[in-house]
Amino acid sequence: MNKRVIITADSVCDLSPELRERYGIQVLPLTVLEGERAYKDGVDLTPDLIYRIYREEGLLPKTTAISPQEFIDYFTPILAEGCEVVHLDISSKLSGTYQNACIAAQELPGFYPVDTMHLSNSMALMLFEACRLRDEGRSAHEIVDYILAYREKVHTSFVLDTLEFMWKGGRCSGVTALGANLLQIKPCIEMVDGELKVGRKYRGAIDKVYAQYIRDKLATANIDTRVATLTHSGGVKTETIDSLRKLILDLVPFETLHVMQTGCTVSSHCGPGTLGVLFATR
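Computed from a predicted model, the values in this text were never measured in an experiment. (Residues numbered from 1 in each chain as written. Predicted model: local features only at pLDDT ≥ 70, side-chain atom pairs only at ≥ 80, totals over all residues. Heavy atoms only, no water.)

1. Let's talk about the confidence of the model for the protein
A low pLDDT means the predicted coordinates there should not be read in detail. Inclusion rule: Every residue gets a pLDDT, meaning the predictor's confidence in that residue, from 0 to 100. Working rule for contacts: check all heavy atoms of both residues, and any pair within 4.5 Å makes them a contact.
For the protein, mean pLDDT is 90; residues scoring 70 or higher make up 94% of the total. Below a pLDDT of 50 lies the segment residues 170–180, which in the model reaches 13 contacts outside its immediate sequence neighbourhood of four places, other chains included.

Here it is in structure tokens:
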């Protein structure tokens, strides 16, 4: 008989508290540094507070990976109860969190970290699958093997309303950011082999850009219609979200479409007005 499996993830999965509770998923927060102040992602810091601090103080936060010792301290009591843990982390090409989880795993028999090669609600899609297999009674090894194959089917992308936050965070040049703003260019950022790459560049009013981006992405063949997410970083009007949700379901009849907001890690790099439709193919 398989041991009881616990499904966990780092906070970059951007999973809402309601879905964490519904699926029984435990989330470990990354540490976010605002100057000399340290916060826990999603615990005592929110994207709205990040934007306010930036407006008032010009400060952008820095995120730090979960340390090996934090993993050991958190999971030792869980494993001592005879459980096994499948833990999903942000792409190893974007953070050292997965590498630190692997270091901790050497001292934690029954702890299995997974490099999702994605971030945000694409991790959530993998978590839903992991929980489905857990509920079917699959072993930790079976769940890990499935998720490693499933991650190749997941599509992660976002369209940005502004490059200001990426510029301030050192991820693009000031000239690029200025030119994009002057020309009303809204770039699409895509996950490719675990890294963030610039895809199509849209122009025009952001609401029209959102709609065209969604049409482009959902033209993908053989979409898995079980679940998708409409993910945004805040600063998007409620009526715009409602309109885009309807557009998505008109294009692809997803059985479940979650609308969720990104957490502190993604929001601090992308800024307000960032939006994506995240899904998998069959």
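2. Points about the pattern of salt bridges
Side-chain pairs of opposite charge can arise where the charged atoms are in close proximity. Here is the rule we go by: A side-chain nitrogen of Lys or Arg and a carboxyl oxygen of Asp or Glu constitute a salt bridge if their distance falls within 4 Å. Think of it this way: any DSSP run of H or I at least four residues long counts as a helix, any run of E at least two long counts as a strand, and we number them from the N terminus. Exposure categories follow from relative accessible area, calculated using a 1.4 Å probe and restricted to protein chains: below 20% of the type maximum is buried, above 50% is exposed, and the middle band is partly exposed.
One pass over the full model with this rule turns up 17 salt bridges. The residue Glu129 makes a salt bridge to Arg132 at a minimum N-O spacing of 3.0 Å. Within this pair, Glu129 and its partner Arg132 are both found in helix α5 (residues 121–135), separated by three residues, close to a single helical turn. Among the residues examined, Arg132 registers a relative accessible area of 29% and is labelled partly exposed. Between Lys186 and Asp161 there is a salt bridge, and its shortest N-O distance comes to 3.1 Å. In this pair, Lys186 sits in strand β10 (residues 185–192) while Asp161 sits in the loop between β9 (157–159) and α7 (164–168), placing the two residues 25 residues apart along the sequence. Judged by relative accessible area, Lys186 falls into the buried class, the value being 10%.

3. Focus on the packing of helix α9 (residues 206–217) against helix α10 (residues 238–251)
The criterion, for reference: Here the axes come from fitting lines to C-alpha atoms, over the contacting stretch only for helices, and the angles between their N-to-C directions go from 0 to 180 degrees. The scheme is simple: roughly parallel for angles under 35 degrees, roughly antiparallel for over 145, roughly perpendicular for 65 to 115, oblique for anything else. Handedness of a crossing is defined here by the sense of rotation of the near helix relative to the far one, left-handed for an anticlockwise turn of less than a right angle and right-handed for a clockwise turn. Lys, Arg, Asp and Glu make up the charged group, whereas Ala, Val, Leu, Ile, Met, Phe, Trp, Tyr, Cys and Pro make up the nonpolar group; the residues left over, Gly among them, are polar.
Remark: α9 packs on α10, axes separated minimally by 10 Å, with the N-to-C direction vectors making an angle of 20 degrees. In terms of orientation, α9 lies roughly parallel with respect to α10. In the crossing of α9 with α10, the sense of the turn from one axis to the other is right-handed. Across from Asp207, Tyr210, Ala211, Ile214 and Arg215 in α9, the residues of α10 making contact are Thr240, Leu244, Leu247, Ile248 and Leu251. Among the residues forming the contact of α9 with α10, the class breakdown is seven nonpolar, one polar and two charged.

4. Description of the sheet that holds strand β1 (residues 5–10)
Under the convention used in this document: DSSP bridges decide pairing: two strands pair if at least two such bridges lie between them.
Spatially, β2-β1-β6-β7 is the arrangement adopted by the four strands of the open sheet, whose pairing is parallel. The open sheet terminates on both sides in strands that have one partner only, identified here as β2 (25–28) and β7 (111–115). Put simply, the sheet's adjacent strands are angled 25 degrees from each other on average, direction ignored. Where strand β6 (residues 84–89) lies against β7, five bridges are found, and the strand directions are parallel. Paired with Val86 across the two strands is Tyr112, which belongs to β7. Against the sheet, helix α4 (residues 97–105) touches β1, β6 and β7, its axis set at about 160 degrees to β7.

5. Here's the deal with the nonpolar core
Across soluble globular proteins, you tend to see nonpolar side chains buried next to one another. Stated formally: Buried residues of nine kinds, namely Ala, Val, Leu, Ile, Met, Phe, Trp, Tyr and Cys, make up a nonpolar core once their side-chain atoms join them within 4.5 Å.
Counting 56 residues, the largest nonpolar core has Leu15, Phe75 and Val86 as its most contacted members. Apart from residues lying up to four places away in sequence, Leu15 is in contact with Arg20, Ile25, Asn121, Ala124, Leu127, Phe128 and Met260. Counting 24 residues, the second-largest nonpolar core is a separate cluster that includes Val159, Ile206, Tyr213 and Val236.

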